[in-house]
Amino acid sequence: GNSVTQMEGPVTLSEEAFLTINCTYTATGYPSLFWYVQYPGEGLQLLLKATKADDKGSNKGFEATYRKETTSFHLEKGSVQVSDSAVYFCALSDRTSGTYKYIFGTGTRLKVLA
Amino acid sequence: DAGVIQSPRHEVTEMGQEVTLRCKPISGHDYLFWYRQTMMRGLELLIYFNNNVPIDDSGMPEDRFSAKMPNASFSTLKIQPSEPRDSAVYFCASSQGLWAGELFFGEGSRLTVL
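To keep things clear, this report deals only with the structure shown in the data block. Here the structure is a predicted model, which means the values were calculated and not measured. (Residues numbered from 1 in each chain as written. Chains lettered and ligands numbered in written order. Predicted model: local features only at pLDDT ≥ 70, side-chain atom pairs only at ≥ 80, totals over all residues. Heavy atoms only, no water.)

1. So, the packing of aromatic side chains
Here comes step 1: For the structure on display, the rule yields 17 aromatic pairs over all chains.
Here comes step 2: Judged by centre distance (5.9 Å) and plane angle (80 degrees), the rings of F104 of chain A and F105 of chain B are edge-to-face. With F104 of chain A in strand 11 (residues 99-104) and F105 of chain B in strand 10 (residues 104-105), this pair bridges two chains.
Here comes step 3: Taken together, F34, Y36, F89, Y102 and F104 of chain A together with Y31, F33, Y35, Y48, F91 and F105 of chain B form an aromatic cluster joined through their ring pairs. (Phe/Tyr/Trp six-rings, centres within 6.5 Å; stacked < 30°, edge-to-face > 60°. Helix = DSSP H or I, 4+ residues; strand = E, 2+ residues; numbered from the N terminus.)

What follows is the structure, given as structure tokens:
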């Protein structure tokens, strides 16, 4: 079946450090891939997405590339800020047995220290 | 334009009581999702609707949980009777299309069952 695996957190970085949050997936079809972010006390909101192999999604300095050969969609940012502290979720959408599945990973908490 | 609206934001109840959570999706969206978030299990899909029809309820934990969508602008998630292990944050989300579509989340309903 479909699944998403993320690196466990929390990830703690100093401001301006480089960020990588790993995400790998399994899917039976050709999924779309997403990163969502959840700030404290709020619902999830879309950060970026990619819909086919080799696509790069980007937003607010974050990037992720859809790698079909390694079934990965790692999130990166060159220089994190304190305001990036949040929980990040990798997700996929795929059609299986006639119904869509929108599946989230377990989330990775990021703490950025000033 | 208003986002997904959930009520109540917080609910504290005693074991055995009935709980009803409400959701108003974004106008024009044809998919509606109910998710449950806990520290132990992360974000779990409970059920989703397409054009008011339940499509996949395989994530509904047991018969104590039920969800309805009587029209395009309203959905409820009911727990009867509630148990302490139902304590969680329940999110409603809506989407227009699914394969590459963004899910728009409400702010969640935090349920505590004593």
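2. Some thoughts on the environment of C23 of chain A
All names here are of chain A.
Here comes step 1: On the secondary structure map, C23 appears in strand 4 (residues 23-26).
Here comes step 2: Residue classification places C23 among the buried residues on the basis of a relative accessible area of 1%.
Here comes step 3: Sequence separation of C23 and A91 is 68 residues, and the distance between their C-alpha atoms is 8.9 Å.
Here comes step 4: Non-local contacts of C23, meaning those with residues more than four positions away in its chain, are made with V4, T5, W35, T71, S72, F73, H74 and C90. (Buried < 20%, exposed > 50% of the residue type's maximum accessible area, 1.4 Å probe, protein only. Contact = heavy atoms within 4.5 Å.)

3. What about the state of the cysteines?
Here comes step 1: Counted by the stated rule, this structure contains two disulfides over all chains.
Here comes step 2: Between C23 of chain A and C90 of chain A runs a disulfide, and the two sulfur atoms are separated by 2.0 Å. Of note, the bridge from C23 of chain A to C90 of chain A carries an S-S torsion of about -70 degrees and is left-handed in sense. Taken as a pair, C23 of chain A in strand 4 and C90 of chain A in strand 10 (residues 86-96) lie far apart in primary sequence, 67 residues in all. With respect to class, C23 of chain A is no different from C90 of chain A; both count as buried.
Here comes step 3: Covalent S-S linkage joins C23 of chain B and C92 of chain B, the inter-sulfur distance amounting to 1.9 Å. (Disulfide = S-S within 2.5 Å.)

4. Topic: the pairing of strand 7 (residues 65-71) of chain B
Residues and elements named next belong to chain B.
Here comes step 1: Strand direction decides the pairing type here: strand 7 and strand 8 (residues 74-79), joined by five bridges, are antiparallel. Bridged to F65 within strand 8 is I79.
Here comes step 2: Once strand 7 ends, the chain turns through two residues before running back antiparallel as strand 8. (Pairing = 2+ DSSP bridges.)

5. Let's talk about the interface of chain A and chain B
Here comes step 1: Contacts between the two partners involve 20 residues from chain A and, on the opposite side, 21 residues from chain B.
Here comes step 2: Together chain A and chain B conceal approximately 1700 Å² of surface at their shared face, both sides included; 55% is due to carbon and sulfur atoms.
Here comes step 3: The interface formed by chain A and chain B contains zero salt bridges.
Here comes step 4: Linking chain A to chain B there are three residue pairs in polar contact (both at pLDDT 80 or more).
Here comes step 5: Elements with a minimum of two residues in the side of chain A that touches chain B: strand 5 (32-38), strand 6 (44-50), strand 10 and strand 11 of chain A.
Here comes step 6: Per-class residue counts for the side of chain A that touches chain B are 10 nonpolar, seven polar and three charged. (Buried area = accessible area lost by both parts, 1.4 Å probe. Salt bridge = Lys/Arg side-chain N within 4 Å of Asp/Glu carboxyl O. Polar contact = N/O pair within 3.5 Å; in protein donor to acceptor, adjacent residues only side chain to side chain. Nonpolar A, V, L, I, M, F, W, Y, C, P; charged D, E, K, R; others polar.)

6. Structural notes on the layout of surface pockets
Here comes step 1: In this structure, the largest pocket occupies an estimated 810 Å³ of space.
Here comes step 2: Lining the largest pocket are 32 residues, and of these V87 and R109 of chain A together with Q37, T38 and M39 of chain B sit closest to its centre.
Here comes step 3: Secondary-structure elements contributing two or more residues to the lining of the largest pocket are strand 10 and strand 12 (108-113) of chain A together with strand 4 (31-38), strand 9 (88-95) and strand 11 (109-113) of chain B.
Here comes step 4: Split into classes, the residues belonging to the lining of the largest pocket amount to 13 nonpolar, 12 polar and seven charged. (1 Å grid on protein atoms, 1.4 Å probe; cavity = no way out; pocket = protein on both sides within 12 Å on 5 of 7 lines; lining within 4 Å. Points joined across faces, edges and corners; volume = space filled by probe spheres on them.)

7. As for the pattern of salt bridges
Residues and elements named next belong to chain B.
Here comes step 1: Inspection of the entire model under this criterion finds 12 salt bridges over all chains.
Here comes step 2: We note a salt bridge from R64 to D86, for which the minimum N-O separation is 2.6 Å. Pair noted here: R64 is in the loop between strand 6 (53-56) and strand 7 and D86 is in the loop between strand 8 and strand 9, with a separation of 22 residues, a long-range link. Considered together, R64 and D86 belong to a single accessibility category, that of buried residues.
Here comes step 3: Salt bridges here are not isolated pairs; linked through shared partners, they connect E62, R64, E83, R85 and D86.

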